[in-house]
Each structure stands twice: as C-alpha cells, then as structure tokens.
Amino acid sequence: MRAALHHSFGDPAKVLALGESPVPQPEANEVRIRTILSPIHNHDLWTVRGSYGYKPELPAIGGSEAVGIVDALGDGVTGINVGQRVSVASVHGSWAEYFLAPAGGLVPVPDAISDEAAAQLIAMPFSAISLLDFLDVRAGDWIIQNTANGAVGKTLGMLAKARGVHVVNLVRRDAGVQELEALGIANAVSTASDGWQDKVRAITGDASIRAAVDSIGGQASKDLVGLLGENGTLISFGTMAGEPMQIPSGELIFKQAVVKGFWGAKISAAMPGEKKRQLIGELLQLVASGDLKLPVEAVFGLDQIADAVHASLAPGKIGKVLLRP
C-alpha cells in the first residue's frame, strides 16, 4: 500500500516521503480501516522529528487520526460492521491507504457529518471539550484564552458559546480577530497593540473572569493572571514560548488564584467511559448542526507530503491540512 514514510527522525518536510508498506492485518480486537482523510497535527510532526513522548520504530508511517471505512475485522470484534464509516484518533500510521485501530476506540460517523469534519473530529475537539469540562464553568461565566485562533482555541470558543459560557479570545495578530469573527467567534482581542488589557476589561465589564487557559507560557502567563478574578484558575495547556510561566506571587496570594496543568492524554485515560460517550455525543450533535465548525485549509495527496507539511506549519491557516491516500 501507499504510505507517507520516514526512515529517520528529523525535519518532516525532508524525511517524509511517499513509499510502499505492507497492508497491515488486524489482530484480536482490532479493525483495519481504509483511509479516506487524515489530518496533520502538530504532535504528528513532533513524532516525526523524534521529539514527542511516543517514538515509533523506524521506518514509520506518520499520522494519528483519520476517518475511513472499516475494511476487515480481527477476532473478537463485535458491534462494528465492514463498510461502516468511522472516525478514530490516538492510532499510529494513518497517513496510508490502510491502518489498524482498536475496535473500542471507533466513533461511527453520522451521514450528516462530512468526511472533512469527521477526519478531525476527535483529537483536537475532544481535547477542547475535555478542557471546557475541566474548567468547571457554567452558562454565564467568563473565561479567557490565548492562541484562540489555534485548532483547540477555535473549538473551545465554539463549544463554550454552545454552552452559554462567555470567552475572551486572545490572538497575537490583528488578522486573527477577523479569522475568529468569520467562524462566529466573538470577543476576540489582538495582543499586538498596546492597551489590549483595557479592551478585555471593557468586554467583560464588572464580571469576574473565572478561568484562564494559557498555551504560551512566559510573559503571557503573567498577563492572564493579571486579568483573572478572585479565586480564579489558570490552566497551563501548552508552552509555545518555551519559557517558564511568569506568575507574580502577589497575584496568586491576593486573588487566591490556583494554577493547574492540563494533559489531555491523562485526563482522557482517567475519564469514565460514560462521560467520554457523553462528550463525544455532544461533539457529534454540534458538528452535525453546524454549531461546531471544523474548517479545512487544504487537502493534499500522499505524494505531496512535503507540501502538506509546509502548509500545515504556515501561519494564518483557516483550518486543518488533510491528507488523502
């Protein structure tokens, strides 16, 4: 079968190439899936670089999420039919014509959801809805997030809106405000200009910001704590700046603020099965109704993998870059 392979770790645009690999055979409790579309996530590229928590045996096929058609069943698989369209994440080798997945991790896709949305239905959206759940906020509450025009940020903004939670969405470029408005995401503020904190306070008025999501670190952490209300919570979701969080002790003490880390894999592993099904069901309903939009920047063939990587890393994308076998 055709696959996007790498024989060494390194720059994904240089080490990934179209190649041939044996068609995998499902073992017990596994299914084989014929890939329709598979997204390029940042963690996929980190894996190819060799700098992620999981390091595959080489040569390796990239990709960790996809929508596809169930093609073959391993022993012991029940409740899944050959020919069924499914989404799945946390797999390996989805940038290929076929890949294997645990039967228990499949999400059947309703006809109302397109292949383009189904391909990116789980990894980022489930992280976002799990994060929103983790914040323990209710309709009418205010939260704030930076990197709001990233994949998780956009999704969090739309999910919060559907639940009646107000969000201040910080972006680092003025153009990012328009990108969010095009998706129906309000209260966007660019931090590129002076006085942006005053804009935030004007948006929230007298309301207290209950939680802040920090995906940058460094000075950005300090900025968010400064905007938090009393007894607020700062969530560390990422470290784009690659710097330690700057958190003034006075802000923590006098606001009685709390700082927590959020690692989606650990949260998901500890989450009861019924809760997972509930959140996935909520995602499916919101995508089918159009309240949760999962836009696509571009679709590339496996033979265009280098171009696809460059497109995925380009700033100002409107959505995910997808691969089609």
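Position numbers for residues count from 1 along each chain, tracking the sequence in the order it is written. Per-residue local features are limited, in this predicted model, to residues with pLDDT of at least 70; the limit for side-chain atom pairs, both in listing and counting, is 80 or more; totals at the level of whole chains, interfaces and linings are taken over all residues. Water and hydrogen atoms play no part in the side-chain values, which are based on all heavy atoms of the structure.

What about the sheet that holds strand S14 (residues 258-261)?
Strand pairing in a sheet is mediated by backbone hydrogen bonds. Such pairs are either parallel or antiparallel.
Move 1: Two strands are counted as paired when DSSP detects at least two bridges linking them. Strands here mean DSSP runs of E at least two residues long; helices mean DSSP runs of H or I at least four residues long; both are numbered from the N terminus. Spatially, S11-S10-S9-S12-S13-S14 is the arrangement adopted by the six strands of the open sheet, whose pairing is parallel. Strand pairing shows two members of the sheet lacking a second neighbour, strand S11 (188-190) and S14, which therefore form its edges. On average, each strand axis in the sheet is inclined to that of its neighbour by 20°, with strand direction left out of account.
Move 2: Two elements, strand S12 (residues 209-214) and strand S13 (residues 233-236), share four bridges in a ladder whose sense is parallel. Bridge pairing in S13 links Ala211 to Thr233.
Move 3: Strands strand S9 (142-145), strand S10 (166-171) and S12 of the sheet are contacted by helix H5 (residues 151-163), whose axis makes an angle of about 170° with S9. Every axis corresponds to a line fitted to the C-alpha atoms, with the helix fit spanning only the stretch in contact, and the corresponding angles, defined between N-to-C directions, vary from 0 to 180 degrees. Contacts are assigned to residue pairs with any non-hydrogen atoms lying within 4.5 Å of each other.

Things to note about the sheet that holds strand S2 (residues 16-20)
Move 1: With respect to topology, three strands assemble into an open sheet ordered S2-S1-S4, the strand pairing being antiparallel. Both outer strands of the open sheet, S2 and strand S4 (60-61), are each paired with one neighbouring strand and no more.
Move 2: Bridge count between strand S1 (residues 2-6) and S2: five bridges; the pairing is antiparallel. Across the sheet, the residue bridging to Ala3 is Gly19, located in S2.

Focus on a nonpolar patch on the surface
Move 1: There is a patch of nonpolar side chains on the surface, built from Trp46, Tyr52 and Tyr54 and spanning about 310 Å² of accessible area.
Move 2: As for its placement among the helices and strands, Tyr54 is situated in the loop between helix H2 (42-49) and S4. Like-charged residues are merged into a patch within 9 Å and nonpolar side chains (Val, Leu, Ile, Met, Phe, Trp, Tyr) within 5 Å, provided each residue has over 30% relative accessible area and no salt bridge. A 1.4 Å probe and the Shrake-Rupley method give the accessible areas. Residues count as covered only by the protein chains that appear here. Any carboxyl oxygen of Asp or Glu within 4 Å of a side-chain nitrogen of Lys or Arg constitutes a salt bridge here.

Regarding unusual backbone geometry
Move 1: In this model, Leu58 is joined to Pro59 through a cis peptide bond whose omega is -5°.
Move 2: One can find Pro59 in the loop between H2 and S4.
Move 3: Of note, Asp136 is a non-glycine position whose phi angle comes to about 55°, a positive value.
Move 4: Here Asp136 lies in the loop between helix H4 (123-135) and S9.
Move 5: Despite not being glycine, Thr147 shows a phi value in the positive range, around 45°.
Move 6: In this structure, Thr147 sits in the loop between S9 and H5.

Re the side chain of Glu65
Move 1: Mapped onto the fold, Glu65 is located in strand S5 (residues 65-73).
Move 2: Despite being buried, Glu65 has no salt bridge partner; Lys320 is the closest side chain of opposite charge, sitting 7.2 Å away.
Move 3: Whenever a nitrogen or oxygen atom comes within 3.5 Å of another N or O atom, the pair is scored as a polar contact, on the condition that within protein one atom can donate a hydrogen and the other can accept it, and that pairs from neighbouring residues in sequence are kept only if both atoms are in side chains. A polar atom in the side chain of Glu65 sits 3.1 Å from the backbone nitrogen of Ala123.
Move 4: When near neighbours in sequence (up to four residues on either side) are disregarded, Glu65 contacts Ser38, Pro39, His41, Val88, Ala89, Val91, Ser94, Ala119, Gln120, Leu121, Ile122 and Ala123. Burial classes: relative accessible area under 20% of the type maximum marks a residue as buried, over 50% as exposed, and values in between as partly exposed (1.4 Å probe, protein chains only). Think of it this way: Lys and Arg go in the positive column, Asp and Glu in the negative one, and His and the chain ends go nowhere.

Everything listed here is a matter of geometry and, on its own, says nothing about what the molecule does.
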